[in-house]
Amino acid sequence: MMDRIALEGMVFYGYHGVYPEERRLGQRFVVDLVLGVDLREAGRSDRLEASVDYVQVYRDVRAVVEGEPYRLLEAVAERIAQVVLARYPRVVRVTVTVKKPAVPLPGPLAHAAVTLSRTREDILPREAWPARTNAKRRRGDEGRKRMPCGGAHP
């Protein structure tokens, strides 16, 4: 069984959504991560270098959620998985859950959520990522081209 580090209930404000008002006004998103890591060396040595610095992981997740807007929760979760696997070589598997508490539906709902799991082999090498045509995106830029959630821009 793989050892795990869990970061649960991270709350950020982002501008993701299909509807223009979601992308203009923004809303809260809640993210849970489970990192699959071999923690034997960290447990024996008590050294951070033998583990994963989850303070830095938190910052990276925040940068994704508070950064470039995506239309789909699937794309947000995929991008988080890509970043974590690309930046933390000790992580061999990541499970990402992105929750959207304020879903524009005509009735009560606690939240909508997407959960995905990725391994290092699931993520394309950086040189295979699609090139960006515009490094800075504006919030609410509805006319931009988007990749399917599996090929979200870096």
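Here we summarise the structure given alongside this text. Predicted model, so just to flag it, every value in this text is computed and none were measured. (Residues numbered from 1 in each chain as written. Predicted model: local features only at pLDDT ≥ 70, side-chain atom pairs only at ≥ 80, totals over all residues. Heavy atoms only, no water.)

## Some thoughts on the overall build of the chain
Move 1: Counting secondary structure elements, the chain contains four helices and four strands.
Move 2: Each helix and strand of the chain, ordered N terminal to C terminal, gives the series β-α-β-α-α-α-β-β.
Move 3: Across the 154 residues in the chain, those meeting the buried criterion constitute 40%.
Move 4: A separation threshold of at least 6 residues defines the contact pool for the chain, and within that pool the share at least 24 residues apart is 65%. (Helix = DSSP H or I, 4+ residues; strand = E, 2+ residues; numbered from the N terminus. Buried < 20%, exposed > 50% of the residue type's maximum accessible area, 1.4 Å probe, protein only. Contact = heavy atoms within 4.5 Å.)

## A few points about unusual backbone geometry
Move 1: Although it is not a glycine, Asp46 adopts a positive phi angle of roughly 60°.
Move 2: Secondary-structure assignment places Asp46 in the loop between helix H2 (40-45) and helix H3 (54-65).
Move 3: Owing to a relative accessible area of 73%, Asp46 belongs among the exposed residues under this scheme.

## What to know about the environment of Tyr13
Move 1: Within the secondary structure, Tyr13 is located in strand E1 (residues 4-14).
Move 2: Residue classification places Tyr13 among the partly exposed residues on the basis of a relative accessible area of 40%.
Move 3: Linking Tyr13 and Gly26, residues 13 residues apart in sequence, is a C-alpha distance of 6.7 Å.
Move 4: Not counting residues up to four positions away in its chain, the partners in contact with Tyr13 are Leu25, Gly26, Gln27, Arg28, Val65 and Glu66.
Move 5: Polar side-chain contacts of Tyr13 include one of 2.8 Å to the backbone oxygen of Leu25. (Polar contact = N/O pair within 3.5 Å; in protein donor to acceptor, adjacent residues only side chain to side chain.)

## A look at the pairing of strand E2 (residues 27-37)
Moving residue by residue along a regular strand, the side chains alternate between the two faces of the sheet.
Move 1: E2 sits mainly inside the fold: nine of its eleven residues count as buried.
Move 2: Here E1 runs beside E2; their pairing, made up of nine bridges, is antiparallel. By the bridge assignment, Met10 is partnered in E2 with Val31.
Move 3: Looking at chain direction, E2 and strand E3 (residues 91-100) are connected through eight bridges and run antiparallel. Following the sheet pairing, Gly36 is matched in E3 by Arg93. (Pairing = 2+ DSSP bridges.)

## Structural notes on the sheet that holds E3
Move 1: An order of E1-E2-E3-E4 is seen for the four strands of this open sheet, with the pairing classed as antiparallel. The open sheet has two edge strands with one neighbour each: E1 and strand E4 (112-119). Each strand of the sheet is rotated relative to its neighbour by a mean of 15°, with strand direction disregarded.
Move 2: Here H3 sits on the sheet and contacts E1 and E2; the angle it forms with E1, its principal contact strand, is near 35°.
Move 3: On the sheet, helix H4 (residues 73-87) packs against E2, E3 and E4 and is oriented at approximately 150° with respect to E3. (Axes fitted to C-alpha atoms, helices over the stretch in contact; angles between N-to-C directions.)

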